[in-house]
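Residue strings, one per chain:
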Amino acid sequence: MPASDPWVLAIDMGTSAVKTALVSSRGEVASVQTRPITTKLLPGGGAEQDPHEWWAMVRSAARDSVAGAPDLAHKVAAVACTTQWAVTVPVDAHGNPLGPAISWMDTRGAPYVSQVVRGWPSVSGYAAYKLYTWIRLTGGAPSRSGMDGLGHLLFFKYERPDLYRAAYKFVEPMDYLNARLTGRVAASYGTMFPYWLTDIRNPRRVAYHPQLLAWAGIEQEKLPPLQPVDSVLGPLLPHVAEELGLKPDTVVVMGSCDGHSAAIGAGSVRDFVGYFYVGTTAWMSCHVPWKRSDLRHMLTTMPAAIAGRYVVAAEQGMAGRCLEFLKDSLLLPPGDPTVAPATDPYAYLNDLAASVPPGSDNLLFTPWINGVLVPADDPWTRSAFLNQSHRTTRAHYVRAVMEGVAFNMRWLRHHVQKFVGKTFPDLRFIGGGAVSDLWCQIFADVLGCPILRPAHPRVANAVGAAFAAFVALGVLAPEELEGRVAIDRTFQPTPATRALYDELYGEFLAAYRQLRPLYHRLNRKRRAEPQAQ
């Protein structure tokens, strides 16, 4: 049992960075560390990351978090990971990587997924009987864009057969980190969800389904054994505990994907309490008591980090990455001393955006730099600035990006509320984007509802992972968690901007409908599907 006043070392590894923090059972956060992660973009829709880099950045950040709070190190009872998901890593029996990690952005498995799901009679490219079975068992179906675990498995099987044969297991990032921490290869009920190979009808007893495995042509022995989300995987490996400066009996809990832990870290613990996240990517979610799916709008539910519950899966795609792209590619190119500000570049961009009135003088930005995920499975559509003029300034571009991400979230909210059958009277906002008071106010004005910002929005995922660990250790009960998340500030919508943002939101949706055919003509690859043997 953990000592009194226990702490957890929480490891949050997203798409672009690793964050580590020490979190107490009271919700205190100490010694936050951040390390960058790189993504390699390849021809043909490839997107890969290096698991060796992951592990090096995790060790570096975690070591410094523990060293930065020497009076707390002996109080750390557990390590809990939370990570990006729908990312696939081939590993050996000890959890060491055998090849690259295929990112959730990777579309190279799309042709093979299309072969697996097709048949007659067809519904939107899916065999009707297969689609029905997938929805009944998993709550959704494989994405024909290839941007999920099954698409990655099929890519390895047919285009990297050497790695497929050599791999002991294919795992998600959270399960990979757990394996490096403990030497045990396993997956939680939540992490294997995006492979569409598990029966999740009972969130307390999830298992691989033989029919789904047969359709996919994936051998179960290539997949990790499944464990409950609230289980303890095992103690830290002795050399890992020594390197990180932790006690040798420190345990590792199963952990959760970032979408699972974020709900807890936002304080959205009770059913139908909505929140949204803006970091590199964006999503909106809440806990629900049932399994449900809306394949038309790519909405479904998955087993939550709280045992026996479900959480809405509504990953929208790039968000904060749009602002980063604008910064690095157009406004503040790295290494250019003539334009780089001496202060924090994001604070500089925030000040620029604040100098422009709401609506950015009707400059619109569409944030689909990697396509649209939810509420439309559309990998071909791209982003753009619309309605530029000779009066458009840097400040307009920055604010338009912030407003475009907010319009996109409003589009998602409509479908999430319809999906859960509830209207969100307010929304909690977490992630790096929530650090900006201006962006919080823009979201309040565009969404037309109060926005509640928790006290630690940038590390909310880590807080959620730590709280889930405390539940697994028996330190906290699920019903205690919401009260441990303090709200820093509430942003109220400004009535004067409502009509303006309503009009621009309508034009935002019209832009998608009217430009979608153009993007499909420009970007869709018309190539024969390779034959899966």
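Cut-offs used in this document
- Residues numbered from 1 in each chain as written.
- Predicted model: local features only at pLDDT ≥ 70, side-chain atom pairs only at ≥ 80, totals over all residues.
- Heavy atoms only, no water.
- Pairing = 2+ DSSP bridges.
- Helix = DSSP H or I, 4+ residues; strand = E, 2+ residues; numbered from the N terminus.
- Axes fitted to C-alpha atoms, helices over the stretch in contact; angles between N-to-C directions.
- Contact = heavy atoms within 4.5 Å.
- Parallel < 35°, antiparallel > 145°, perpendicular 65-115°, else oblique.
- Nonpolar A, V, L, I, M, F, W, Y, C, P; charged D, E, K, R; others polar.
- Salt bridge = Lys/Arg side-chain N within 4 Å of Asp/Glu carboxyl O.
- Buried < 20%, exposed > 50% of the residue type's maximum accessible area, 1.4 Å probe, protein only.

Q: What should I look at first to understand the sheet that holds strand β28 (residues 427–430) in this one?
A: Taken in spatial order, the six strands line up as β25-β20-β19-β28-β29-β30 in an open sheet, and their pairing is mixed. Edge positions in the sheet fall to β25 (315–318) and β30 (487–491), since each of these pairs with one other strand and no more. Adjacent strand axes in the sheet meet at a mean angle of 20°, parallel and antiparallel pairs treated alike. In this sheet, β30 lies alongside strand β29 (residues 451–454) in antiparallel orientation, the contact comprising four bridges. Each bridged residue has a counterpart across the sheet, and for R453 the counterpart in β30 is R489. Sheet strands touched by helix α13 (residues 437–447): β19 (275–278), β28, β29 and β30. Its angle to β29, the strand with the most contacts, is close to 150°.

Q: Please explain the packing of helix α9 (residues 258–265) against helix α14 (residues 460–472) as it appears in this structure.
A: Any two packed helices are characterised by how steeply their axes cross, that is the angle between the axes, and by the distance between the axes. Across the interface, α9 lies against α14 with an axial gap of 7 Å and an inter-helix angle of 90°. On the basis of their axis angle, the class for α9 and α14 is roughly perpendicular. Facing D258, S261, A262, I264 and G265 of α9, the residues of α14 in contact are A460, N461, V463, G464, A465, F467 and A468. Split by residue class, the contact of α9 with α14 holds seven nonpolar, four polar and one charged.

Q: Hey, could you run me through the pattern of salt bridges in this one?
A: Two side chains with opposite charge may pair up if their charged atoms get near one another. Per the counting criterion, the structure on display carries 23 salt bridges. R108 is paired through a salt bridge with D106; the nearest N and O atoms lie 2.7 Å apart. As far as burial versus exposure is concerned, R108 and D106 are alike and both buried. Here R399 ties to E403 by a salt bridge, and the two come within 2.9 Å at their closest N and O atoms. Taken together, the positions of R399 and E403, both in helix α12 (residues 394–420) and four residues apart, correspond to about one turn of that helix. For R399, a relative accessible area of 5% corresponds to the buried category. Residue E403 is classed as buried on the basis of its relative accessible area of 1%.

Q: Explain the side chain of N178 here, please?
A: The residue N178 is located in helix α6 (residues 173–182) in this model. Apart from the residues lying within four places of it in its own chain, the contact partners of N178 are C81, G183, R184, L233, V252, V253 and M254.

Q: Explain the sheet that holds strand β5 (residues 46–49) to me, please; I cannot follow it from the model alone.
A: The pairing of strands in a sheet happens through backbone hydrogen bonds and is either parallel or antiparallel. One open sheet accounts for three strands, arranged β4-β5-β8; its pairing is antiparallel. With one partner strand each, in any of the chains shown, β4 (40–42) and β8 (101–102) form the two edges of the open sheet.

Q: Help me out: how do you make sense of the environment of V66 in this one?
A: Mapping V66 onto the fold places it in helix α1 (residues 51–67). Residues V66 and T281, spaced 215 residues apart in sequence, show a C-alpha to C-alpha distance of 28 Å.

Q: Can you help me understand the packing of α12 against helix α15 (residues 498–523) in this one?
A: At a closest axis distance of 10 Å, the pairing of α12 and α15 adopts a crossing angle of 80°. It follows from the interaxial angle that α12 and α15 lie roughly perpendicular. Here α12 contributes R399, E403, G404, F407, N408, R410 and W411 to the contact with α15, which in turn contributes Y501, D502, L504, Y505, F508, L509 and Y512. By residue class, the composition of the contact of α12 with α15 is eight nonpolar, two polar and four charged.

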